[in-house]
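# Survey of secondary and tertiary structure
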Amino acid sequence: MGMYTDRVVPHIVDKACGMKSNNVLRERVCQGLHGQVVEIGFGSGHNVPHYPAAVTGVAAIEPADIGWKLAGKRVASATVPVERKGLDGQSLPLPDDSCDTALSTWTLCTIPDVAAALREVRRVLKPGGTLHFVEHGLAPDEKVQAWQHRLEPVQKKLFGGCHLARPIVELLTDAGFTITESEAFYEKGAPKFLAAETIGVAVSA
C-alpha cells in the first residue's frame, strides 16, 4: 500500500478536491484569513487562488511529495509567499505563537493522530488566532452514521487513511478551541455517507 498511498492517492485527491463545486466552499472558508497562515494538508494547492489580500505568507504542511509537485503552478502564481514548511501536521516545525490564522480543508479526516495535530495548531497560533475549516465527518443522521461506520475500513484503505465518521466539532472543542462559526450540511450531488460537511471558524484561547 506504500506505493499506492505515495504515488496514486495524491492524484485521486487532486482530482476529487479540485472539483469546481468545491470552489464556493474554498472561497467561503478562506474569508477572514490574515497575516501569517499555517495550512495543514496543503495538498495540491487548490486554496491558493482563494487567499484574501490580508494574507502575508503561508506555511504549507503537506506530507505527499507528489501533491506538492502538483501544486507547483498554483504556488508559482500565488500573490503571497507560500513555502512548504513541513510534512506532518502532528508535529509542526514552527515556533509557538507564530501564526495569525490557520486553514484546514478536508484534512482532519486523514491525520492519524488528529488530536495531536490540533494541539499543534493551537501551539503555533497566536492567542486569539483562528482556525478556518471545512471538513467532512460524522453525519447528523443515525442511519447515515451506520453506513459511515460500515464503509470506513474500505475508505481508509482506498483513500490514504481517510476516516468517514470523525466528529469534527467535538474534536475541535476537545482540543481547546472555541467554535465561533459552524454550519453542518450535506453537500449536494454526493452520497450522504461522504457528503456530511462542516464549515466554520474556531478560536484558540
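Above this text sits the structure in question.
Every value quoted in this text rests on a predicted model; they were computed, and no experiment measured them.

About the criteria used
- Residues numbered from 1 in each chain as written.
- Predicted model: local features only at pLDDT ≥ 70, side-chain atom pairs only at ≥ 80, totals over all residues.
- Heavy atoms only, no water.
- Helix = DSSP H or I, 4+ residues; strand = E, 2+ residues; numbered from the N terminus.
- Buried < 20%, exposed > 50% of the residue type's maximum accessible area, 1.4 Å probe, protein only.
- Salt bridge = Lys/Arg side-chain N within 4 Å of Asp/Glu carboxyl O.
- Contact = heavy atoms within 4.5 Å.
- Lys, Arg positive; Asp, Glu negative; His and termini not counted.
- Pairing = 2+ DSSP bridges.
- Axes fitted to C-alpha atoms, helices over the stretch in contact; angles between N-to-C directions.
- Disulfide = S-S within 2.5 Å.
- Phe/Tyr/Trp six-rings, centres within 6.5 Å; stacked < 30°, edge-to-face > 60°.
- Lys NZ or Arg CZ within 6 Å of the ring centre and 35° of its normal.
- Patch = residues over 30% accessible without salt bridge, like charges linked within 9 Å, V, L, I, M, F, W, Y side chains within 5 Å.
- Areas by Shrake-Rupley, 256 points an atom, 1.4 Å probe, with all protein chains shown as cover.
- Arc of directions from axis to C-beta.

Next up on the list: unusual backbone geometry. Even without glycine at this site, D97 takes up a positive phi of about 55 degrees. For D97, the location among the structural elements is in the loop between β3 (82-86) and β4 (99-105). Look at D97 and you get partly exposed, because its relative accessible area is 43%. The backbone of W106 shows a phi angle near 50 degrees, a positive value even though the residue is not glycine. With respect to the element layout, W106 can be found in the loop between β4 and α5 (114-124). Look at W106 and you get buried, because its relative accessible area is 13%.

This part is about the pattern of salt bridges. Scanning all chains against the criterion turns up six salt bridges. Measuring nitrogen to oxygen at the nearest pair gives 2.5 Å for the salt bridge that ties R28 to E183. With R28 in helix α2 (residues 23-30) and E183 in strand β6 (residues 177-186), this pair connects stretches of sequence that are 155 residues apart. The residue R84 makes a salt bridge to D65 at a minimum N-O spacing of 3.0 Å. With R84 in strand β3 and D65 in helix α3 (residues 65-70), the pair connects residues that are 19 residues apart, well separated along the chain. Via salt bridges that share partners, D96, E120 and R123 belong to a single interconnected network.

All right, on to α5 then. Residues that lie three or four places apart on an α-helix share one face, since the helix turns once every 3.6 residues. Every buried residue of α5 is accounted for by V114, A116, A117, L118, E120, V121 and V124. Where α5 is buried, its residues contact β1 (35-40), β4, β5 (125-136), α7 (168-174) and β6.

As a further point, take the side chain of R166. With respect to the secondary-structure elements, R166 resides in the loop between α6 (142-158) and α7. For the buried R166, no salt bridge exists, and the shortest N-O distance to an oppositely charged side chain is 6.6 Å, to E152. Not counting chain neighbours up to four residues away, the residues in contact with R166 comprise L108, C109, T110, I111, P112, V114, G137, L138 and L171.

This brings us to the sheet that holds β3. Reading across the sheet, the seven strands line up as β3-β2-β1-β4-β5-β7-β6 and stay open at both edges, with mixed pairing between neighbours. Because the sheet does not close on itself, it has two edges, and the strands there are β3 and β6. Ignoring which end each strand starts from, the neighbouring axes of this sheet average 20 degrees apart. With four bridges connecting them, β1 and β4 associate as parallel partners. Of the residues in β4, the one forming a bridge with V38 is A102.

Within this structure, the stated rule accounts for zero disulfides. No disulfide involves C162; its sulfur sits 3.7 Å from the nearest other cysteine sulfur, which is in C109. The exposure class assigned to C162 is buried, which follows from its relative accessible area of 5%.

What follows deals with the packing of aromatic side chains. For the coordinates displayed, the defined rule picks out one aromatic pair. Above the plane of the ring of W147 lies R150, whose end atom (NZ or CZ) is 4.7 Å from the centre. Taking the ring centre of Y186 as reference, the NZ or CZ of K192 above it sits at 4.8 Å.

Attention now moves to a nonpolar patch on the surface. A contiguous nonpolar patch, built from V154, L158 and F159 and spanning about 240 Å² of accessible area, is present on the exposed surface. Among the secondary structure elements, L158 is positioned in helix α6. L158 gets classed as partly exposed once you look at its relative accessible area, which sits at 40%.

With that out of the way, let us pick up α2. Within α2, the full set of buried residues consists of L25, R26, V29 and C30. Take α2 and look down its axis: the buried residues cluster within an arc of 125 degrees, on one side only. Each element contacted by the buried residues of α2 is listed here: α1 (2-17), β4, β5, β6 and β7 (196-204). Just past α2, the residue G32 takes up positive phi, approximately 95 degrees.

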